[in-house]
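The lines below spell out each chain.
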Amino acid sequence: MGKLDGKVAIVTGAASGIGLETAERFLKEGAKVTFTDVNQEKGQALAAKLGDQALFLTQDVSSEDGWINVVQTTLDHFGGLDILVNNAGVPPTTVSIEQVALSQFKHVIDVNLVGTFLGIKHAMLYMKEHHGGSIVNISSMGGIVGIATAADYNASKGGVRLMTKGAALDAAYGKYGVRVNSVHPGYIKTGMLPPEAEDMMAKTTPLGHIGQPTDIASACVYLASDDASFVTGTELIVDGGFTAQ
Ligand SMILES: NC(=O)c1ccc[n+]([C@@H]2O[C@H](COP(=O)([O-])OP(=O)(O)OC[C@H]3O[C@@H](n4cnc5c(N)ncnc54)[C@H](O)[C@@H]3O)[C@@H](O)[C@H]2O)c1
């Protein structure tokens, strides 16, 4: 028996890295999964591989119309919605804050923070009415501590961290049965990290190595499952000890 048997999930940014690993783990745990990404080519290639319990939809998470379409299509295709993982994200601009163009700052905020807001909003509208659901927002250790040349990313991920707590309380006080939590990855080996920085990242991580997408997928399975039925508004840090320093 899988931990997510009979549940329907949406995972965004799932054409690669943490999102893809999470979508695959959810399928193994018995869920039906709508996986979305702005990268249509990669997503469609994966759809052929993942089978008929997975549905790929092209989505830019910063578009509200896009979210309305993704939620409605999931309801039509799979008959419900129990889990949302707001995972889609873009990296920092990687220059000192005074060098960040307003358009670059707004792009990071639009994808990482506004995209997560829209996902919570449109999933919550359905989940509250149907009295149940789990929303998992992928923040970052950069939502907890500052990182040089990543102030735009810090702003977006810190916003996700506190928005998660506010949304969790909105759902909790109304006794809607909807839980909202955030996950805070440390350095995880995906296309988002520059390979030449891996040694430095491993050395600055107390456990001595960087993480793998499966480390974050495991946290998502836990928070999405009924094992976490008393867990809401929490921040689950999965960073090899980085923020404990
Ligand atoms: N890799 C790390 O070290 C690390 C650390 C902390 C947090 N995170 C977070 O984990 C999440 C996943 O990142 P990853 O490391 O797997 O990187 P990744 O680049 O492999 O995956 C990100 C995915 O998001 C998609 N995406 C980008 N903009 C989008 C948009 N507007 N709409 C929809 N999809 C979009 C990309 O196409 C890509 O498939 C991100 O939110 C990231 O900030 C990653």
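Residues numbered from 1 in each chain as written. Predicted model: local features only at pLDDT ≥ 70, side-chain atom pairs only at ≥ 80, totals over all residues. Heavy atoms only, no water.

- The name given to the protein in an unreviewed UniProt entry is 3-beta hydroxysteroid dehydrogenase, with Levilactobacillus spicheri as the source organism.
- Turning to the protein, the UniProt record has this under Sequence similarities (unreviewed entry): "Belongs to the short-chain dehydrogenases/reductases (SDR) family." (UniProt positions renumbered as here; feature names shortened; annotations may be inferred.)

1. Let's talk about the layout of surface pockets
Gaps left between atoms show up when a probe the size of a water molecule is rolled over them.
Then step 1. Approximately 1,100 Å³ is the volume found for the largest pocket.
Then step 2. For the largest pocket, the lining is made up of 45 residues, of which Gly 89, Val 90, Pro 91, Tyr 153 and Met 192 are closest to its centre.
Then step 3. Put simply, the second largest pocket is a space of about 200 Å³.
Then step 4. Surrounding the second largest pocket, 16 residues form its lining, Gly 133, Gly 177, Val 178, Arg 179 and Ser 229 being those nearest its centre.
Then step 5. For the lining of the second largest pocket, the secondary-structure elements that each account for two or more residues are β5 (133-138), α5 (151-173) and β6 (178-185).
Then step 6. Tallied by class, the residues present in the lining of the second largest pocket amount to six nonpolar, five polar and five charged. (1 Å grid on protein atoms, 1.4 Å probe; cavity = no way out; pocket = protein on both sides within 12 Å on 5 of 7 lines; lining within 4 Å. Points joined across faces, edges and corners; volume = space filled by probe spheres on them. Helix = DSSP H or I, 4+ residues; strand = E, 2+ residues; numbered from the N terminus. Nonpolar A, V, L, I, M, F, W, Y, C, P; charged D, E, K, R; others polar.)

2. Concerning the nonpolar core
Then step 1. Ranked by size, the top nonpolar core spans 31 residues in total, and within it Phe 26, Val 33, Phe 35 and Val 85 carry the most contacts.
Then step 2. Going through the elements one at a time, β1 (8-11), α1 (17-28), β2 (32-37), α2 (40-50), β3 (54-58), β4 (83-86), β5 and α7 (213-224) are the ones with two or more residues in this core.
Then step 3. The element contributing the most residues to this core is α7, with six residues. (Core = buried A, V, L, I, M, F, W, Y, C linked by side-chain atoms within 4.5 Å. Buried < 20%, exposed > 50% of the residue type's maximum accessible area, 1.4 Å probe, protein only.)

3. A closer look at the pairing of β4
Then step 1. Across the two faces of β4 the burial is the same, with Ile 83 and Val 85 and Leu 84 and Asn 86 all buried.
Then step 2. Pairing of β1 with β4 involves three bridges; the strand directions are parallel. By the bridge assignment, Ala 9 is partnered in β4 with Ile 83.
Then step 3. On the question of chirality, the crossover connecting β4 to the parallel β5 by way of helix α4 (residues 102-129) is right-handed. (Pairing = 2+ DSSP bridges. Right-handed = clockwise from strand over helix to strand, strands pointing away.)

4. Overview of α2
Then step 1. Buried within α2 we find Gly 43, Leu 46 and Leu 50. Seen from one end, α2 has its buried residues packed into an arc of 65°, which puts them on one side. Along α2, the residues that are exposed and aim more than 90 degrees away from the buried face are Glu 41, Ala 45 and Ala 48.
Then step 2. Of the residues that open α2, the one with a side-chain oxygen 3.4 Å from the backbone nitrogen of Glu 41 is Asn 39.
Then step 3. Where α2 ends, the next residue or the one after it, Gly 51, has phi of about 90°, a positive value. (Arc of directions from axis to C-beta. Polar contact = N/O pair within 3.5 Å; in protein donor to acceptor, adjacent residues only side chain to side chain.)

5. Focus: the environment of Ser 63
Then step 1. Along the chain, the position of Ser 63 falls in the loop between β3 and α3 (64-78).
Then step 2. Taking C-alpha positions, Ser 63 is 27 Å from Ala 172, a pair spaced 109 residues apart along the chain.

6. Topic: the site of the ligand
Then step 1. The local shell around the ligand holds 26 residues, among which Ile 18, Asp 37, Asn 87, Tyr 153 and Thr 190 are the closest.
Then step 2. Taking Asp 37, its side chain carries an N or O atom lying 2.6 Å from an oxygen atom of the ligand.
Then step 3. One of the backbone N or O atoms of Ile 188 is found 2.8 Å from an oxygen atom in the ligand.
Then step 4. If the ligand stood free it would expose 820 Å²; the protein chains cover 90% of that surface.
Then step 5. The pocket occupied by the ligand, as judged from atoms lying within 2 Å of grid points, is the largest pocket.
Then step 6. Breaking the shell around the ligand down by element, the ones donating at least two residues are α1 and α5. (Near = heavy atom within 4 Å. Areas by Shrake-Rupley, 256 points an atom, 1.4 Å probe, with all protein chains shown as cover. Sits in = over half its atoms within 2 Å of the grid points.)

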